[in-house]
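# Residue-level structure breakdown
For reference, the chains in residue letters:
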Amino acid sequence: MIGPGLVLTAAHVVAGAPPPGGETPGGGPEVRDVDSPRVTVRAPGGETVDGKVVWRVRSDAGDAALVEMPVTADGATMPGPPTRYGEFVSALPRQPVEAVGFPRLQKYGSVRDQEHFAGNASPLTGLVSGHYEVASSTPLPRPRPEEDLASWAGMSGAGVFSGGLLVGVVRSDRRARVGARLTATPVATLLADRRFREIVRGAIGWEPQCEPAELASVLESPYPDRDIRSVASLLRAEVETVGFHGRAEEIEELADWCRGAEPLSLRLVTGRGGQGKSRLVRRFLAEQRARGWVAGVLRRDGGARSAAGEEPFAAVARTRRPVLVAVDYAENHLAEVRALIGQARSASCPVRVLLVTRESKALAVGSADPDPGVRELFAGAAELALPVLFATPEERATAFEAAVHDLAAALPAIPGHEGPDWAAAAAQVTVPEALARESGSVLGVQLAALTALLERISPRAARPNEPVERTLLRHEEAYWSVVARRRGLHLDAAALRGTVAALALVTVSGEEQACDLFTMMAGTGPAAGYRALDGARWLGELYPRGGRGVLGAVQPDRLAEFLLVDACAERPDLLARIVSVASRTGDPREIALVEAQFGPDENSS
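### Details of the environment of Ile-341
You can see Ile-341 is positioned in helix H8 (residues 334–344). Beyond its immediate stretch of four places on either side in the chain, Ile-341 contacts Leu-264, Leu-266, Val-374, Leu-377 and Phe-378.

The structure is reproduced here in structure tokens:
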């Protein structure tokens, strides 16, 4: 099941034709888009469900089919992200894979049990024929009396996963004399088919993308983030709520950099907070992926540091396609950048590393690296300083109206905001006079648009001409309060603001530290102490996990900065409490990192 009401399997399983066998990984003429034959699907321990084949291919290049079934109420509201797809992009052998199916070797009487196949795939094996071969040395049961080998018949159609990504679909058994050796149709082959992509997109609501399986532990998912829990979350770059506009010249300049002759090169993208650096990078990466590059954003949660040395980036040294890695908040990830450079030096394909930061001086340490090669790369890294995108009042007004339209379309998806007629509210919103005095930042325009929409439905501003950051935070505070009450917590406004403000400054690595943070921030009132566990779980529910630690924080950064300033003004002892908690997290660099990440912003006053 790859989405609500959609099953991916092997074509020969549902077409009534004999499966491919022997040494030939395929067989028969190419067959596509059959006339929707009916099939029956039975889940383990579940009832049978009638479905129809809506797409299939049977050729030397692939053996796969899509089966559409009625969507149940539970299926239509499946939690979590859709199935993510992947492919092997390097020549690194023995990539770990797993699959779950129902082979004949697991038949016990009238029951055919499931087999959790665990093995490996070497990407260059089967490359000419266009298939994967997955192997395992796990001991197999004794063959049946009529068989010379344990039979994998029935395993066809099982999904093959690597690094959490679906990379293939089992199609045949190579009848290995020792262990097992199965062939699989690469998912990348299926995603190259326009009709396949259309059906999948219609079922899951996402444009399916193929990610590099070997780098899944170090690169962010390319999909927009739909874990939107509050109004402020709509402004996060990963959510991509508002359509992308402009920056064509900057994207072309970066594309020229990628087309350069250098085997390895670094580039800087700089700009004040809110100028749209992260969104520009996401757009550029998407365009480079469409050109055949392996492209992604380095994970900010330490995934690249989980293994020793340079191993997380080992695939870069043996990649079969050019690689582009963007590093947001690059000043906080210099160790990972060094490790990436170490592997990229050996790559046979071009490698580009895009470092994103507010100011180039934050990366000055790279030019003093003890490795002369690293020093040379940093010294030669050209800087792309993002100019103001909306320089005139007319440009800001046009961008404001577009943002109002897009945000109004997204607001009904946020819990608690389903009822209002946001389209009608958008029609009544006018461009605020204060926007003429804005600096022209992308975030400034979107902040004004979102706040204007919310105020049209539920006014919360304390006074006319209140900073939009403060007004938006009043709406966000209502969300904090609702979640707190659901957890049985009744915090006053100062405790709410102070505790949430601290999330941007303190890295919390577990529940015990989250309890410590809540107790310190909430004070010594009746909600603290013995309610610490409820408080920790409240904090964990507020926002998706951030770049560091297990708790997220208010985003975008400009809101986090404004909240911190307001909360500290309201509670003079707040910063001392935050430093006290940070000193117990085990990372003495906390405050230094915060100062680098949350620099002064003239709009946050």
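### Points about the pattern of salt bridges
Per the stated rule, a full pass over the model turns up 35 salt bridges. Between Glu-570 and Arg-497 there is a salt bridge, and its shortest N-O distance comes to 2.6 Å. One end of the pair, Glu-570, is in helix H17 (residues 557–570); the other, Arg-497, is in helix H14 (residues 493–502), and 73 residues separate them in sequence. Note on Glu-570: relative accessible area 36%, which makes it partly exposed. Among the charged side chains, a salt-bridge network with shared partners connects Glu-133, Arg-174 and Arg-181.

### What about the packing of aromatic side chains?
Across all of its chains, the model carries six aromatic pairs by this definition. Ring geometry for Phe-88 and Tyr-132: centres 5.1 Å apart, planes at 65°, overall edge-to-face. Separated by 44 residues along the polypeptide, Phe-88 in the loop between strand S6 (85–87) and strand S7 (95–101) and Tyr-132 in strand S11 (residues 132–136) bring together distant segments of the chain. In terms of burial, Phe-88 and Tyr-132 fall into one category: buried. Here the aromatic rings of Trp-206 and Tyr-223 are separated by 5.3 Å at their centres, their planes lie at 90°, and the arrangement is edge-to-face. One end of the pair, Trp-206, is in the loop between helix H4 (194–204) and strand S15 (210–212); the other, Tyr-223, is in the loop between S15 and helix H5 (248–258), and 17 residues separate them in sequence. Considered together, Trp-206 and Tyr-223 belong to a single accessibility category, that of buried residues.

### Things to note about the nonpolar core
Counting residues in each nonpolar core, the largest one holds 73 residues, and the members touching the most others are Leu-453, Trp-480 and Trp-538. Among the elements that make up this core, the one with the highest residue count is helix H12 (residues 442–457) (nine residues). For Leu-453, the residues in contact, after removing those within four places along its chain, are Val-404, Leu-407, Ala-408, Leu-411, Trp-422, Ala-425, Ala-426 and Val-429. The next biggest cluster of nonpolar side chains, apart from the first, holds 31 residues, and it includes Val-327, Ala-330, Leu-334 and Leu-377.

### Considering H4
Along H4, the residues classified as buried are Phe-196, Ile-199, Val-200 and Ile-204. Mapping the buried residues of H4 onto a view down its axis gives an arc of 115°, with all of them on the same face. Of the exposed residues in H4, the ones pointing more than 90 degrees away from its buried face are Arg-194 and Gly-202. Looking at the buried residues of H4, the elements they touch are strand S1 (6–9), strand S4 (48–58), strand S5 (63–68), S6 and helix H3 (187–191).

### A short note on the packing of helix H13 (residues 468–486) against H17
Closest axis-to-axis distance for the H13/H17 pair is 10 Å, and the angle between their directions is 85°. It follows that H13 is roughly perpendicular to H17 by the angle criterion. Residues Glu-469, Arg-470, Leu-472, Leu-473 and Trp-480 of H13 form the contact with H17, whose own contacting residues are Arg-558, Leu-559, Phe-562, Leu-563 and Asp-566. In terms of residue class, the contact of H13 with H17 is made up of six nonpolar, no polar and four charged.

### Quick word on the pairing of strand S17 (residues 294–297)
Every second residue of S17 is oriented toward a common face, with Val-294 and Gly-296 on one face and Ala-295 and Val-297 on the other, all of them buried. Bridge analysis of S17 against strand S18 (residues 323–327) gives four bridges, and the strand direction is parallel. Among the inter-strand pairings, Val-297 is bridged to a residue of S18, identified as Ala-326.

### Details of the side chain of Glu-455
If you trace the backbone, Glu-455 turns up in helix H12. Although Glu-455 is buried, it makes no salt bridge; Arg-460 carries the closest opposite charge, 6.2 Å away. Those residues in contact with Glu-455, other than ones at most four positions away along the chain, are Arg-460, Ala-461, Thr-471 and His-475.

### Remarks on the sheet that holds S18
One open sheet holds the five strands; their spatial order is S17-S18-S19-S16-S20, and the pairing between them is parallel. The strands lining the two open edges of the sheet, one partner per strand, are S17 and strand S20 (382–385). When strand polarity is set aside, the average angle formed by the axes of neighbouring strands in this sheet is 20°. Taken together, the seven bridges between strand S16 (residues 264–270) and strand S19 (residues 351–357) define a ladder with parallel strand orientation. When the bridges of S19 are listed, Ser-265 appears paired with Arg-352. Against the sheet, H5 touches S16, S18, S19 and S20, its axis set at about 165° to S16.

### Comments concerning unusual backbone geometry
A cis amide bond links Gln-555 with the next residue in sequence, Pro-556, at an omega value of 0°. In this fold, Pro-556 is placed in the loop between helix H16 (532–542) and H17. One non-glycine residue, Glu-240, lies in the positive phi region at around 55°. Here Glu-240 is to be found in the loop between S15 and H5.

Basis of the calculations
- Residues numbered from 1 in each chain as written.
- Predicted model: local features only at pLDDT ≥ 70, side-chain atom pairs only at ≥ 80, totals over all residues.
- Heavy atoms only, no water.
- Helix = DSSP H or I, 4+ residues; strand = E, 2+ residues; numbered from the N terminus.
- Contact = heavy atoms within 4.5 Å.
- Salt bridge = Lys/Arg side-chain N within 4 Å of Asp/Glu carboxyl O.
- Buried < 20%, exposed > 50% of the residue type's maximum accessible area, 1.4 Å probe, protein only.
- Phe/Tyr/Trp six-rings, centres within 6.5 Å; stacked < 30°, edge-to-face > 60°.
- Core = buried A, V, L, I, M, F, W, Y, C linked by side-chain atoms within 4.5 Å.
- Arc of directions from axis to C-beta.
- Axes fitted to C-alpha atoms, helices over the stretch in contact; angles between N-to-C directions.
- Parallel < 35°, antiparallel > 145°, perpendicular 65-115°, else oblique.
- Nonpolar A, V, L, I, M, F, W, Y, C, P; charged D, E, K, R; others polar.
- Pairing = 2+ DSSP bridges.
- Lys, Arg positive; Asp, Glu negative; His and termini not counted.

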